[in-house]
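Spelled out, the chains give:
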Amino acid sequence: MFSETTFKTIGLIIVLMIFGMAIGIYTTPNFREKSADEYMEGVFWPNPKQIGQFETMDHQGRNFGVEQLKGKWSILFFGYTYCPDVCPITMTIMSDVQARLEQAGVVEDAQLLFVTVDPLRDTADRLATYINYFDSRILGLGGTKQQVDSLVSQIGVVYLHGMPMDDGNYLVDHTASLFLIDPDARLVSIFSTPHDAETISSRFFEIKSFLSKLVQY
Amino acid sequence: MHLILYPVLAFIITACQANEIIIANAWIAQSPPMIDFNAGYFEIKNQSTMPVSLLAITSPAFGKIEIHRSVEEGQISKMQYFESIDFLPGEKYDFSPGGYHLMLFDPTRVLKSGDSVPLQFSFTEAVQIQVMATVKSRSD
């Protein structure tokens, strides 16, 4: 059996171990807070997808590529002007979001982008008329199919053109989520449907504030 | 029964059935200037004891009207088309943005916010209901 000295030695070792762990925890800077600070639900952090080169054309005929994403927060949504129900609803919501960003004084740091998934029909002129009807502060992006695909494929948006109807028109199935890109052109979050302006803007403010503590934009 | 009573009776039956289908709050969303179609919305209640089917909608203001439904499957927005649509007895249905709606094609004139447009709904049993739909901006 163990002697009294052995018991005392084991007891001392256990006490010292607990003491050591306590010191370790105490001296680790922000032991608890640090792990909480680097995590936010629904944010692709710390490994967001970097958006690489792409070439699209905005509704005013200017080139819009990855350089135009840098330095600003971007909220992207995808649709087409012939879209009868869902896209006009989203455009109206995004116009409301734009107003909320202006009210909060962050409009200089952010841009709302409507990307057409029907670039053949949605020419720059058509996009411009559409954008100006809903909210001229939103930027419409189009170009050739190849150009639009260079952005769409990186973000993971899918779209499918339907069979033409009697009059030659067709519908397009498309991703209805919104995509948040940070000022370093990284995809940091996706907002699922159903959309409403209050949720989108408050979510944007939360993520912006969260990442601004971790990243020097 | 005198022969002349049959058409009268038929008219009375139709009128009763029409009263049993209530269509309310019909509105048409104003479209951007280059779009030659509109989406329409309404509420409908079948107060009868029988199911009824909506077979067609017509209007002097549009060339063609169809019943559509926006659906989402795995965050992909899609459109479904319906030849007709059934309403169960005692049930109320909302045709609202993002769900079931009317697609109104080929407007015969430019529609402005505040305009009123007649819509004629044709159901089974030859029931016809006409409502006035108000043209509104989506942001109103």
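Residues numbered from 1 in each chain as written. Chains lettered and ligands numbered in written order. Predicted model: local features only at pLDDT ≥ 70, side-chain atom pairs only at ≥ 80, totals over all residues. Heavy atoms only, no water.

Asks: Please provide a residue-by-residue account of the overall build of chain B, values included.
Replies: Tallying secondary structure elements over chain B gives 1 helix and 10 strands in all. Secondary structure elements of chain B, listed N to C terminal, follow the sequence α-β-β-β-β-β-β-β-β-β-β. Taken over 140 residues, chain B has a buried fraction of 42%. By sequence separation, contacts in chain B at least 24 residues apart represent 65% of the contacts at least 6 residues apart. Element-wise, carbon and sulfur atoms account for 57% of the exposed surface of chain B, whose accessible area totals about 7500 Å². (Helix = DSSP H or I, 4+ residues; strand = E, 2+ residues; numbered from the N terminus. Buried < 20%, exposed > 50% of the residue type's maximum accessible area, 1.4 Å probe, protein only. Contact = heavy atoms within 4.5 Å. Areas by Shrake-Rupley, 256 points an atom, 1.4 Å probe, with all protein chains shown as cover.)

Asks: Report on helix α6 (residues 145–155) of chain A, specifying residues and quantitative values.
Replies: Residues and elements named next belong to chain A. Of all the residues in α6, the buried ones are Gln147, Val148, Leu151, Val152, Gln154 and Ile155. Looking straight down α6, one finds that the buried residues subtend no more than 170 degrees of arc, so they occupy a single side. α6 presents Gln146 and Ser153 as exposed residues on the side facing more than 90 degrees away from its buried surface. Positive backbone phi, approximately 90 degrees, marks glycine 156, located one or two places after α6. (Arc of directions from axis to C-beta.)

Asks: Could you give an account of the interface of chain A and chain B, with specific residues and numbers?
Replies: Each partner contributes residues to the interface: chain A has 23 residues there, and chain B has 23 residues. Summing the contributions of chain A and of chain B, the shared interface buries around 2000 Å²; its carbon and sulfur component is 61%. Looking at the side of chain A facing chain B, the largest losses of area belong to Pro84, Asp85 and Tyr133 of chain A, adding up to 28% of the total buried there. Here chain A is connected to chain B by 0 salt bridges. Run the count over chain A and chain B and you get 10 residue pairs in polar contact (both at pLDDT 80 or more). At the level of secondary structure, the elements contributing two or more residues to the side of chain A that touches chain B comprise α4 (86–103), α5 (124–134) and β8 (172–175) of chain A. (Buried area = accessible area lost by both parts, 1.4 Å probe. Salt bridge = Lys/Arg side-chain N within 4 Å of Asp/Glu carboxyl O. Polar contact = N/O pair within 3.5 Å; in protein donor to acceptor, adjacent residues only side chain to side chain.)

Asks: I'd like a description of the nonpolar core, backed by residues and values.
Replies: Counting 64 residues, the largest nonpolar core has Ile51, Leu76, Phe78, Met94 and Ile155 of chain A as the members making the most contacts within it. No other element matches α4 of chain A, which puts 7 residues into this core. Not counting residues up to four positions away in its chain, the partners in contact with isoleucine 155 of chain A are Ile51, Leu76, Phe78, Phe179, Ile181 and Leu187 of chain A. Among the nonpolar cores identified, the runner-up in size contains 28 residues, and Ala26, Ile28, Ile65 and Leu119 of chain B belong to it. (Core = buried A, V, L, I, M, F, W, Y, C linked by side-chain atoms within 4.5 Å.)

Asks: Any chance you could break down the state of the cysteines for me, citing the residues and the numbers?
Replies: All names here are of chain A. By the definition in use, this model includes 1 disulfide over all chains. Cysteine 83 shares a disulfide with cysteine 87; S-S distance 2.4 Å. What sets the handedness of the cysteine 83 and cysteine 87 disulfide is the S-S torsion sign, and at about 90 degrees it is right-handed. There is no split in this pair, since cysteine 83 and cysteine 87 are both buried. (Disulfide = S-S within 2.5 Å.)

Asks: I'd like to hear about the sheet that holds strand β5 (residues 110–116) of chain A, residue by residue, with values.
Replies: All names here are of chain A. Read from one edge to the other, the open sheet built from 8 strands follows the order β1-β10-β9-β4-β5-β6-β2-β3, with strand pairing classed as mixed. For this open sheet the edge positions go to β1 (49–50) and β3 (63–65), each flanked by a neighbour on one side alone. With 2 bridges joining them, strand β2 (residues 55–58) and strand β6 (residues 139–142) adopt antiparallel strand pairing. Along β6, the bridge assignment pairs methionine 57 with glycine 142. Packing against the sheet, α5 makes contact with β2, β5 and β6, and its axis sits at approximately 155 degrees to β6. (Pairing = 2+ DSSP bridges. Axes fitted to C-alpha atoms, helices over the stretch in contact; angles between N-to-C directions.)

Asks: Could you give me a rundown of a negative patch on the surface, with the residues and numbers involved?
Replies: Taken together, the side chains of Asp166 and Asp167 of chain A together with Asp36 and Asp106 of chain B make up a negatively charged region of the molecular surface. Of note, aspartate 167 of chain A is situated in the loop between β7 (159–161) and β8. The exposure class of aspartate 167 of chain A is partly exposed, given its relative accessible area of 45%. (Patch = residues over 30% accessible without salt bridge, like charges linked within 9 Å, V, L, I, M, F, W, Y side chains within 5 Å. Lys, Arg positive; Asp, Glu negative; His and termini not counted. Charge placed at Lys NZ, Arg CZ, Asp CG, Glu CD.)

Asks: Please set out the packing of aromatic side chains residue by residue, giving values where relevant.
Replies: Under the criterion given, the structure shown has 18 aromatic pairs over all chains. Look at tyrosine 130 of chain A and phenylalanine 134 of chain A: their rings are 5.0 Å apart centre to centre, the planes differ by 65 degrees, and that puts the pair in the edge-to-face class. Residue tyrosine 130 of chain A and its partner phenylalanine 134 of chain A are located together in helix α5, separated by 4 residues, close to a single helical turn. Summarising the burial analysis for this pair, tyrosine 130 of chain A and phenylalanine 134 of chain A share the class buried. In this structure an aromatic cluster arises from ring pairing among Phe42, Phe82, Phe87, Tyr93, Phe95, Tyr100 and Phe121 of chain B. Over the face of the ring belonging to tyrosine 170 of chain A we find arginine 121 of chain A, whose NZ or CZ atom lies 3.5 Å from the ring centre. Over the ring of phenylalanine 105 of chain B we find lysine 64 of chain B, and its NZ or CZ is 4.9 Å from the ring centre. (Phe/Tyr/Trp six-rings, centres within 6.5 Å; stacked < 30°, edge-to-face > 60°. Lys NZ or Arg CZ within 6 Å of the ring centre and 35° of its normal.)

Asks: Describe the pattern of salt bridges, listing the residues and the values that go with them.
Replies: All names here are of chain A. Taken as a whole and assessed by the stated rule, the structure comprises 17 salt bridges over all chains. A salt bridge links lysine 208 to aspartate 109; its shortest N-O distance comes to 3.9 Å. With lysine 208 in helix α7 (residues 197–214) and aspartate 109 in the loop between α4 and β5, this residue pair connects regions lying 99 residues apart in the sequence. The class for lysine 208 is buried, based on a relative accessible area of 18%.

Asks: Go over α7 of chain A, please, and point to the residues and values.
Replies: Relative to the 26 Å expected for 18 residues at 1.5 Å per residue, α7 of chain A spans 26 Å between its end C-alpha atoms, a close match to the ideal helical length. Restricting attention to buried positions, one finds in α7 of chain A the residues Ala197, Ile200, Ser201, Phe204, Ile207, Lys208, Phe210 and Leu211 of chain A. (Expected span 1.5 Å × (residues − 1).)

Asks: Go over the side chain of aspartate 58 of chain A with me, naming the residues and quoting the values.
Replies: Relative to the helices and strands, aspartate 58 of chain A resides in strand β2. Of the polar contacts made by the side chain of aspartate 58 of chain A, one reaches the backbone nitrogen of glutamine 60 of chain A; its length is 2.7 Å.

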